[in-house]
Amino acid sequence: MKTIYKRPESFTDAVTSYCGGCGHGIVNKLMAELLDEMGLREKTILVWPIGCSVYADKYFKADAICALHGRAPALATGIKRSLPDRFVLVYQGDGDMVSEGMSEIMHAAVRGENFSVVFINNAIYGMTGGQMAPTTLWGQTTSTSPYGREKSSSGYPVNMAEIMAQMPGVCYSERVTVNSPQRIAATKKALKKAFSYQFEEKGLSFVEVLSPCPTGWSQKPVKALEWLEQKMIPIFPLGVFKDMKEGEGK
Amino acid sequence: MNRTEIEFERCKECGYCVEFCPKEVLAFGDKVNKRGYYPPAPVKQEACIACGICARVCPEGAIEVYKEV
């Protein structure tokens, strides 16, 4: 028998704490596949955020540390500067990065720190019970916006991939999603590119992943994928916003 | 015959594998696991083309696919 797909070696046997259909699980799995394929497991330091992925250090057979709320890029800066030969991967959700730790990610980008950032955007605070996040869409009902987010009082959703593309210290910025098998394959490609740029020492590489949160959105998982396609992608368009060519960067 | 293995206790019944299987090999089962979910099981294993889509979309990494050579 030929193996077509096997659980990645970099994963432990632990069952995730994510809800059924959560996009975190898919992205974590892609990261584990890439750690296997690129042979990075022994030299990786994963920096986990506060959020649904807070227990993710238990799922990976790699060194990991959990940062204070929003402070993952600041912690990763210290790790990468003291251990420049390690592969440092920051993983953050939208509540953690855009709301709590906006200044940390912005200043890491300003400094052009040489690590990779995976940003999971599910337009809601998942772990704390589905409150409105800075990335919540207009009209989206959450537990703190029961009549839907209003433009007049709550402003606009934050498009991180575009913001990061503006920063000179960022070498790569792309927005992808995981709502179909084809797009999961594209997400893996984007992550691989972001990971490989770290070895070329080009600067901060950033991948935003639009991810379903069936529990937070009060939808069935398969319906959540449709909702993501119809509502989220028009506000958060997919694509590469910045990609430094060979020889560019620091 | 190609083989699709679903780890019964790891499944959280999101249904992505059932939704995306191009050959409708998988269907929800009637057995409940420790967490209270009803994991899918192959009902038409002979139709499986071992594309691996079910395994790639599974958020839990609970599916393994083997192709007969």
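For the structure given in this document, a descriptive report is provided here.

Definitions and cut-offs
- Sequence order as written defines the numbering, with residues in each chain counted from 1.
- All chains are assigned letters beginning at A, and all ligands numbers beginning at 1, according to the order in which they are written.
- Thresholds applied to this predicted model are a pLDDT of at least 70 for local features of residues and 80 or more for the giving and counting of side-chain atom pairs; totals over whole chains, interfaces and linings are not thresholded and use all residues.
- Hydrogens and waters are ignored; side-chain quantities use all the structure's heavy atoms.
- Numbering goes from the N terminus for both helices and strands, where a helix is a DSSP run of H or I of at least four residues and a strand is a run of E of at least two.
- Only the contacting stretch of a helix is used when fitting its axis, a line to C-alpha atoms as for every element, and angles between N-to-C directions run 0 to 180 degrees.
- For classification purposes, an angle smaller than 35 degrees is called roughly parallel, one larger than 145 roughly antiparallel, one from 65 to 115 roughly perpendicular, and anything else oblique.
- Crossings are assigned a handedness: left-handed for a near helix turned anticlockwise from the far helix by less than a right angle, right-handed for a clockwise turn.
- Throughout, a contact is declared for two residues whenever any of their heavy atoms are within 4.5 Å.
- Accessible-area loss on putting two parts together, using a 1.4 Å probe and summing over both, is the definition of buried area adopted here.
- Counted as salt bridges are all cases of a side-chain nitrogen of Lys or Arg within 4 Å of a carboxyl oxygen of Asp or Glu.
- By the criterion applied in these results, polar contacts are pairs of N or O atoms within 3.5 Å in which, for protein atoms, one can donate a hydrogen and the other can accept it, and in which residues neighboring in sequence qualify only through two side-chain atoms.
- The nonpolar class holds Ala, Val, Leu, Ile, Met, Phe, Trp, Tyr, Cys and Pro. Asp, Glu, Lys and Arg form the charged class, and all remaining residues, Gly among them, are polar.
- Here, a strand pair is defined by DSSP locating no fewer than two bridges between the strands.
- Partly exposed describes any residue whose relative accessible area lies between the buried limit of under 20% and the exposed limit of over 50%, with all areas from a 1.4 Å probe on protein chains only and scaled to the type maximum.
- Only centres within 6.5 Å qualify two rings of Phe, Tyr or Trp (six-membered ring in Trp) as a pair; their planes then separate them into stacked at under 30 degrees, edge-to-face at over 60, and tilted for everything else.
- Note on geometry: a ring has a charge over it if NZ (lysine) or CZ (arginine) is within 6 Å of the ring centre and within 35 degrees of the ring normal.

## A closer look at unusual backbone geometry
With the exception of glycine, the majority of residues adopt a negative phi angle, and the majority of peptide bonds are in the trans configuration.
At step 1: With a phi angle near 55°, Glu201 of chain A is a residue other than glycine that sits in the positive phi range.
At step 2: Position of Glu201 of chain A relative to the elements: it lies in the loop between α7 (181-199) and β7 (204-210).
At step 3: For Glu24 of chain B, which is not glycine, the phi torsion reads 50° and is therefore positive.
At step 4: Along the chain, the position of Glu24 of chain B falls in the loop between α1 (16-20) and β2 (26-28).

## A word on the packing of helix α1 (residues 23-37) of chain A against α7 of chain A
Residues and elements named next belong to chain A.
At step 1: Between α1 and α7, the shortest axis-to-axis distance is 10 Å and the interhelical angle comes to 50°. Classed by the angle they form, the pair α1 and α7 counts as oblique. The chirality of how α1 crosses α7 is right-handed. Seen from α1, the contacting residues are Ile26, Leu30, Met31, Glu33, Leu34 and Glu37; seen from α7, they are Ile184, Thr187, Lys188, Leu191, Lys192 and Phe195.

## Brief notes about the interface of chain A and chain B
At step 1: Tallying the contact residues gives 29 residues for chain A and 28 residues for chain B.
At step 2: Considering only the surface of chain A that becomes buried against chain B, Met1, Ile4 and Tyr5 of chain A emerge as the three largest contributors, covering 27% of it.
At step 3: Between chain A and chain B we count zero salt bridges in total.
At step 4: Our count for the chain A to chain B interface comes out at 15 residue pairs in polar contact (both at pLDDT 80 or more).
At step 5: Looking at the side of chain A that touches chain B, the elements that each hand over two or more residues are β1 (2-5), α1, α7 and α8 (221-235) of chain A.
At step 6: No other element matches the four residues that β1 of chain A contributes to the side of chain A that touches chain B.
At step 7: Here the residues of the side of chain A that touches chain B sort into 16 nonpolar, eight polar and five charged.
At step 8: As defined by bridge partners, β1 of chain A adjoins strand β4 (residues 63-67) of chain B across three bridges and the pair is classed as antiparallel. Note that in β4 of chain B the partner of Lys2 of chain A across the bridge is Lys67 of chain B.

## Focus on the sheet that holds β4 of chain B
At step 1: The antiparallel open sheet is built from three strands, whose spatial order is β1(A)-β4(B)-β1(B). Bordering the open sheet on either side are β1 of chain A together with β1 (3-6) of chain B, each of which pairs with just one other strand. In this sheet, adjacent strand axes meet at a mean angle of 25° when their direction is disregarded.
At step 2: Inspection of the sheet shows β1 of chain B paired to β4 of chain B by four bridges, in the antiparallel sense. Residue pairing across strands places Thr4 of chain B opposite Val65 of chain B, the latter belonging to β4 of chain B.

## Comments concerning the side chain of Gln45 of chain B
At step 1: Counting through the fold element by element, Gln45 of chain B comes out in the loop between β3 (40-42) and α2 (53-57).
At step 2: In this structure, Gln45 of chain B is in contact with Met1, Asn2, Arg3, Thr4 and Val25 of chain B, ignoring residues within four places of it in sequence.

## Focus on the packing of helix α2 (residues 72-82) of chain A against helix α4 (residues 102-111) of chain A
Describing two packed helices takes the angle between their axes plus the distance from one axis to the other.
All names here are of chain A.
At step 1: Axis separation between α2 and α4 bottoms out at 8 Å; the angle between their running directions is 35°. Residues Pro73, Ala74, Thr77 and Arg81 of α2 touch α4, and the partners they reach there are Glu104, Ile105, Ala108 and Arg111.
At step 2: Here the residues of the contact of α2 with α4 are counted per class, giving four nonpolar, one polar and three charged.

## Some points on the sheet that holds strand β5 (residues 116-121) of chain A
Residue and element names in this part refer to chain A.
At step 1: Sheet architecture is open: seven strands sit in the order β3-β2-β4-β5-β7-β6-β8, paired in mixed fashion. Across the chains shown, the open sheet's two edge strands, defined by having one partner strand only, are β3 (63-66) and β8 (239-243). Adjacent strand axes in the sheet meet at a mean angle of 15°, parallel and antiparallel pairs treated alike.
At step 2: Taken strand by strand, α1 contacts β2 (44-48), β4 (87-93), β5 and β7, and its axis lies near 175° from that of β4.
At step 3: Sheet strands in contact with α8 are β5, β6 (170-177) and β7, and its direction is about 135° off that of β7.

## Quick word on the pattern of salt bridges
Side-chain pairing between opposite charges can occur once the charged atoms of the two side chains come close.
Residues and elements named next belong to chain A.
At step 1: Enumeration according to the criterion identifies 16 salt bridges over all chains in this entry.
At step 2: For Arg81, the salt bridge is made with Glu113, and the minimal N-O distance between the two is 2.5 Å. Of this pair, Arg81 sits in helix α2 while Glu113 is found in the loop between α4 and β5, placing the two residues 32 residues apart along the sequence.
At step 3: We classify Glu113 as buried; its relative accessible area is 5%.
At step 4: In this structure, Glu200 and Lys202 form a salt bridge, with 3.5 Å as the shortest nitrogen-oxygen distance.
At step 5: Assessed through its relative accessible area of 42%, Glu200 is described here as partly exposed.

## Structural notes on the packing of aromatic side chains
One pair of aromatic rings is described through two measures. These are the centre distance and the angle between the planes.
Residues and elements named next belong to chain A.
At step 1: Under the definition given, this model contains ten aromatic pairs over all chains.
At step 2: Here the aromatic rings of Phe87 and Phe199 are separated by 5.7 Å at their centres, their planes lie at 10°, and the arrangement is stacked. Taken together, the residues Phe87 in strand β4 and Phe199 in helix α7 connect sequence positions 112 residues apart.
At step 3: For Phe87, a relative accessible area of 0% puts it in the buried group.
At step 4: Cluster of aromatic residues (ring-pair linked, three or more members): Phe11, Trp48, Phe60 and Tyr91.
At step 5: In this structure, Lys202 is placed above the aromatic ring of Tyr197, and the distance from its NZ or CZ to the ring centre is 4.2 Å.

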